[in-house]
Amino acid sequence: MLEDGRPSGRAMHPDPRVIAVIPARGGSKGLPGKNLAEVGGVPLVTRAVRSAVAARRIDAVLVSTDDDRIAEVAQAAGAGVIRRPADLAGDTATSESALLHALHSVAAHTGARPDVLVFVQATSPFLDPAALDLAVERVQRGDEDVVFSAVASHVFLWRETAAGAVGVNHEASARPRRQDREPEYAETGAFYVMRADGFVQAGHRFFGRVGIAPVDPAHAIEIDDADDLARARLLAPAVDAASAANEALGDPRHPIVDVDAVVTDFDGVHTDDTAWVDTLGRESVRVSRSDGAGVARLRAAGVPVLILSAEANPVVARRAEKLGVECLHGVDAKGEALADWAEARGISLDRIAYVGNDRNDLPALDLVGWPVAVRDAVPDVLAAARHVLDRTGGHGAVREIADLVIASREHAARHLAAHARDTTNHHHARASAR
């Protein structure tokens, strides 16, 4: 029998520095039994627990609940359970109250308060463990006090007034192109990572320096009603298949990057962002042969590669010539240059991976389907990235993105071949049956 207010379960680390708390009440007026509703044949609370458990930087995963069945399911998935008192489990109870109760319970149980609190919502069924790890890393490094999941948006918003519809985030008389607009961000509600002591002091989830963790728009669904649940169930086969494919490649944190072109910055991506200057003022840089081999793999696979650099130094063009790839250098407006290059070649921006490291890469990162950062990128670029590479600039980062793209293509080819075999066998079986 679980004791009120005491964490229990095999996920309770003896001295957790990073804990994930998943509030999951038994009652829900909008969608009865919501936290146990199944998506892809798996209860929502189970999906949340599995994602949090898979995150490497989380020491303990706890479900705060008042419901016996939710407690059982959570423990079976690998979470500890904190019994939430009735006065914190009603319709008017806030998520903050459940989180504070969980922190106090953990402190009473372990004798110490965790450093980082990860608030995960079970109503977001498509949670990437890698996104959780990156957000935790940012808070642990001190980049931000709070990091929350959101999706970038370039949507024109309107509001109805007595005088008619008016633009909210734009002037109705001006319709700038997508690449000319700074993105805005819609909160997904999937996760919030924060300094535990700052949260206790503030009493709410947004305090101090707040950062955004962009997530895949296709996965950013929050289930509030039956229509949301139906959409999630339609998405689940594709999302879960992609996750299984990642695991088949050996590491779920290395995603399948399914793109038609790769574009990279030069300084800080192909190089370590340093240069040697001789007595005549001539600059030279250090590059990686491994990166060159990665570019060669992309070219052999027929994947276009572009080096897009603000640096006007001829060394950029010489390196691109050596690699046999296109190059645009001395470029100030990277977003505009990238959009023009993609349009001229008939490549959709959503089908491009862009690898950057510094703030002048942000306009390009905001445009593409796969914004990617090297491990030592500046915080703003790390925040804008859909994926952060394990390697730093000049030390195999280009080879790493190349390998991810090639692995994606090889996986797709195997999938198509298997599908063709299954179809042929099915037809043969039907013919034999006749």
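Below you will find a few notes about this structure. (Residues numbered from 1 in each chain as written. Predicted model: local features only at pLDDT ≥ 70, side-chain atom pairs only at ≥ 80, totals over all residues. Heavy atoms only, no water.)

1. Side note on a nonpolar patch on the surface
Here is step 1: Residues Val155, Leu157 and Val168 make up a contiguous nonpolar surface patch of roughly 230 Å² in combined accessible area.
Here is step 2: Relative to the helices and strands, valine 155 resides in the loop between strand 7 (146-153) and strand 8 (158-161).
Here is step 3: Classification of valine 155 by relative accessible area gives partly exposed; the value is 46%. (Patch = residues over 30% accessible without salt bridge, like charges linked within 9 Å, V, L, I, M, F, W, Y side chains within 5 Å. Areas by Shrake-Rupley, 256 points an atom, 1.4 Å probe, with all protein chains shown as cover. Salt bridge = Lys/Arg side-chain N within 4 Å of Asp/Glu carboxyl O. Helix = DSSP H or I, 4+ residues; strand = E, 2+ residues; numbered from the N terminus. Buried < 20%, exposed > 50% of the residue type's maximum accessible area, 1.4 Å probe, protein only.)

2. Digging into the nonpolar core
Here is step 1: Core analysis: the biggest nonpolar cluster contains 50 residues, and Leu338, Trp341 and Ile352 have the highest contact counts within it.
Here is step 2: Top element by residues in this core is helix 12 (residues 397-433). It accounts for seven residues.
Here is step 3: Ignoring anything within four residues of it in the chain, the contact list for isoleucine 352 reads Val259, Ala261, Val263, Leu338, Trp341, Ala342, Ile347, Val368, Gly369 and Trp370.
Here is step 4: In this structure, Ile22, Val61, Val116 and Ala131 belong to the second largest nonpolar core, which totals 34 residues. (Core = buried A, V, L, I, M, F, W, Y, C linked by side-chain atoms within 4.5 Å. Contact = heavy atoms within 4.5 Å.)

3. Considering the packing of helix 1 (residues 44-54) against helix 2 (residues 68-77)
Here is step 1: Running from N to C, helix 1 and helix 2 cross one another at 35°; their axes reach a closest spacing of 9 Å. For helix 1 against helix 2, the interelement crossing comes out right-handed. Side by side, helix 1 and helix 2 meet where Val45, Thr46 and Val49 of the first sit next to Ile70, Val73, Ala74 and Ala77 of the second.
Here is step 2: Its residues assigned to classes, the contact of helix 1 with helix 2 comprises six nonpolar, one polar and no charged. (Axes fitted to C-alpha atoms, helices over the stretch in contact; angles between N-to-C directions. Left-handed = near helix turned anticlockwise from the far one by under 90°. Nonpolar A, V, L, I, M, F, W, Y, C, P; charged D, E, K, R; others polar.)

Note that all results are geometric; they support no functional claim without further evidence.
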